[in-house]
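Listed below are the residues making up each chain.
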Amino acid sequence: MRHPLVLAFATAACIQLSLAAAADPPDYKALQSAIYDHQIGPGYALFADKAHILDYETIRHCKNTGDAPDMLAVRSKFHEALDAWQAVQHIRHGAVAENDRHARLQFWPDKRGITERHMRKILAEPASDTLKDDIAASSVATQGFPALERLLFSDIALSRRAAPGEKAVRCRIAEAITHNIAAIAHELKASGQPTNVDPKAGVADILSDLVTGLEFIQSLKLKLPADKEHPRAHLFENWRSGRSLRNVEINIRALRELYKRLAIDAGDDDPRHQLILDQFQQAEDNVRAMGENGKSLLSEDKGPVRIRALAGTLESLRDQIAGTMPDRLKVNLGFNSLDGD
Amino acid sequence: MAVRIDRRAFNASLLALGLGAMLPGNTRAESTAGFLSTGYDKIRARHLISRLGADLDIRWDLALPARGHDVAVRPAHDEGIVVARRPGRFAIVFDLERGEERRRLTPATGRHFYGHAVYSPDGKTMWMTENDFDAGRGVIGVYDVTAGYKRIGEFSSGGTGPHELLMKDDGRTLTVANGGIRTHPDSGREKLNIGSMRPSLAYIDSTDGTLTGEVFFDTPRMQKLSIRHMALLPGGRIAVGCQDQISDGAILPLVHVHDGVDGTSFKALPVPGIMLDRFSGYCGSVVSAPESNVLAVSSPRGGLVGFWSLSDQAWRGHVDFADGCGLALSRDGIMASSGSGRLEDLTPMKTGAAMLEAHARRHTFRQWDNHMLALGA
């Protein structure tokens, strides 16, 4: 038999839950605005700044040290810009869902190697003079971070001269990509809070992003490369730059912050929210302890198990949140039932 | 599992009525070329128009600038058009085989698209529901397809907030669902006239825009039912699916049939009381499958698809289908799609072993949007 205290606690928790569930819905407009003002807006603004710095650094590198093999400075700015993107990557509604901006920034996963194929093709031909203007209309696989990563984390220098066996000038392609990333980042920053959905649907979009974000990380960023039967390190996100798990750490921190705002900052003081936040924190601590490089970890004895365990924690968080938050926020996670036509 | 239990009961009711035996032999063998559906790719955060094979595999995806709504196929040609969700700012003509964009249409000044389009039977003309938003007047944009989809004029939709439009079997009369709701792009999707809305089903001569007939609901309360989607039924009848715009506890019939004759009223289709409540005041898609003797209406908010028999318009049952909205003719009946990426042949006449081999698929990280369309072979 269970301890009476446990039962008493469970009963109290149930009462609290039913009270919370019966409470008035949150002020959707205030909640949507608070999340935009404190997380999404600043996140996009930081990303725009970092993307601009990356673009500037790439131009500077190509102008001053273009023939030198040292790409440390531009790689550093790549990491900073990608850090900023990873902190907002979970946002999948609003301006980022228009004009293919999300995929143009980070075309991933790419199981069929489309980026590789396109980049080889681009490098085999002389780059056009109008590449900087044309790139936004080219294949999404050539426009964002994964394409740039192939140029910056390669044995071939980012140079103003075509490398042996190539006809394109790598610097020109890199400058076009960083220009494009900066332009998209600026569009996101300038887009402001979405106004074409009612606030309740806007909050549902945010909750949906939280749930999808957890699913995306556990399923594609972790479980897929660390598959029990067929582990495949090249299926990690950004494995070339050795930062697959650094991405995940940033993602978890951003999703924890989003959860906190949707739950506690919405005025719901249920103590179980803290338990979920603690699980987020534990997941973040775990991934930090694993290091940044998923590919390296995968080759270690306990590496695959640790990665799959982290995926399990995130899957559990997704289930808990998807199972409780729609009722608590009184929104529907359905796509068609949410805001029909 | 709820779906199976419901389907068994549904099948049993069909068999009891003697309908089961007539159906398997009359399947739509020609509808085997797959489907077109609008959707959303959660991985890449992109809205899409997708072509699915008859096996429900995705053949191609075409990324859209923003959320799409409905799709139409140009008769006897290898192209279709997908229209943006209201207030729509684009419509994209695409190649059916490869999914490549051929042409992008933008609304005329002072207009936006409402999400639906229809072609003439010869594929030379196309009409779209549009909003003259400053005047709050529904219009039908007329496009000369043979002249590169040039907009050659417009006429009144006969009401406010036109949504779906269909071409009647005479190849000349357009039927338009005027939802009755006024919106303005300055205020997004906010409904501006719920107090005074008056939806209608309009019949319009497509050759000159003459309003040849219109049908309204009789009472002020019924006029809060926005008429949004339709299906053509045998004998020139039209079935409409509505969306209730107020929540006052009233549970109203949402699916109605008009016999197509001027001067007659809507006839509400019967729904058992408890099921009526489950429709949650909201119908999504309406599809008629004459060869299966079935009319199907989805309710994503209720998480179900309801069925009526076309021959006697009686309620035939429902299938639970969470967040389901898109409906299309399938090989044997009705294909339904959902916001969780699920596609399922809700074929009502299948029994026994055939039913256990249900034609179904779930595409992960994919959300199928409001509407889908079957492609003929």
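In what follows, the accompanying structure is described. Residue positions are given per chain, counted from 1 along the sequence in the order it is written. Both sets of labels track the order of writing: A upward for chains, 1 upward for ligands. Reporting of local features is limited, given that this is a predicted model, to residues whose pLDDT is at least 70; pairs of side-chain atoms are given and counted only at 80 or more, and all residues count toward the totals for whole chains, interfaces and linings.

## Concerning the overall build of chain B
So, point 1. Labels follow the DSSP assignment, with helices taken as runs of H or I lasting at least four residues and strands as runs of E lasting at least two, numbered in each case from the N terminus. When helices and strands are tallied, chain B shows 3 helices and 28 strands.
So, point 2. In this scheme every C-beta is placed from the backbone, and a residue whose C-beta has 20 or more other C-beta atoms within 10 Å is buried, one with 12 or fewer is exposed, and one in between is partly exposed. Among the 377 residues that make up chain B, the fraction classed as buried is 50%.
So, point 3. Any residue pair is listed as a contact if its two C-beta atoms, each placed from the backbone, are within 7 Å. Sequence-distant contacts in chain B: of pairs separated by 6 or more residues, those separated by 24 or more amount to 50%.

## Some details on the sheet that holds strand β15 (residues 211-216) of chain B
All names here are of chain B.
So, point 1. DSSP-based pairing: two strands are paired if at least 2 bridges between them are found. Across the sheet, 4 strands lie side by side as β12-β13-β14-β15; this open sheet has antiparallel pairing. Pairing within the sheet leaves two strands with one partner each, and these edge strands are β12 (162-167) and β15. Strand-to-strand twist of the sheet, defined as the mean angle between neighbouring strand axes without regard to direction, takes the value 20°. Lines fitted to the C-alpha atoms define the axes, with helices restricted to the stretch that makes contact. Angles between their N-to-C directions range from 0 to 180 degrees.

## Focus: the interface of chain A and chain B
So, point 1. At the junction of the two partners, chain A supplies 18 residues and chain B supplies 25 residues.
So, point 2. Elements that contribute at least two residues to the side of chain A that touches chain B include exactly α4 (101-105) and α9 (199-223) of chain A.
So, point 3. Ten residue types, Ala, Val, Leu, Ile, Met, Phe, Trp, Tyr, Cys and Pro, are classed as nonpolar, four, Asp, Glu, Lys and Arg, as charged, and the remainder, Gly among them, as polar. By residue class, the composition of the side of chain A that touches chain B is 5 nonpolar, 9 polar and 4 charged.

## Thoughts on the nonpolar core
It is characteristic of soluble globular proteins that their nonpolar side chains tend to be buried jointly.
So, point 1. Membership of the largest hydrophobic core comes to 90 residues, with the highest contact counts inside it found for Phe47(A), Ile181(A), Leu207(A), Leu210(A), Tyr259(A) and Leu262(A).
So, point 2. If we ignore the near neighbours within four places in the chain, the residues touching Leu210(A) are Leu255(A), Leu258(A), Tyr259(A), Leu262(A) and Ile321(A).
So, point 3. Ranked by size, the runner-up nonpolar core spans 87 residues in total, among them Leu105(B), Met128(B), Ala202(B) and Ala328(B). A set of buried Ala, Val, Leu, Ile, Met, Phe, Trp, Tyr and Cys residues, joined through C-beta atoms within 7 Å, is what we mean by a nonpolar core.

## So, the packing of helix α2 (residues 28-64) of chain A against helix α10 (residues 244-263) of chain A
Residues and elements named next belong to chain A.
So, point 1. Put simply, α2 and α10 touch, their axes get as near as 10 Å, and they point 155° apart. Regarding the angle of α2 to α10, the classification is roughly antiparallel. The chirality of how α2 crosses α10 is right-handed. Along its contact with α2, which presents Ala34, Ile35, His38 and Gln39, the element α10 presents Glu257, Leu258 and Arg261.
So, point 2. The class makeup of the residues in the contact of α2 with α10 is 3 nonpolar, 2 polar and 2 charged. Should an angle fall under 35 degrees it is called roughly parallel, over 145 degrees roughly antiparallel, and 65 to 115 degrees roughly perpendicular, with every other angle called oblique. What makes a crossing left-handed is the near helix being turned counterclockwise from the far one by less than a right angle; a clockwise turn instead makes it right-handed.

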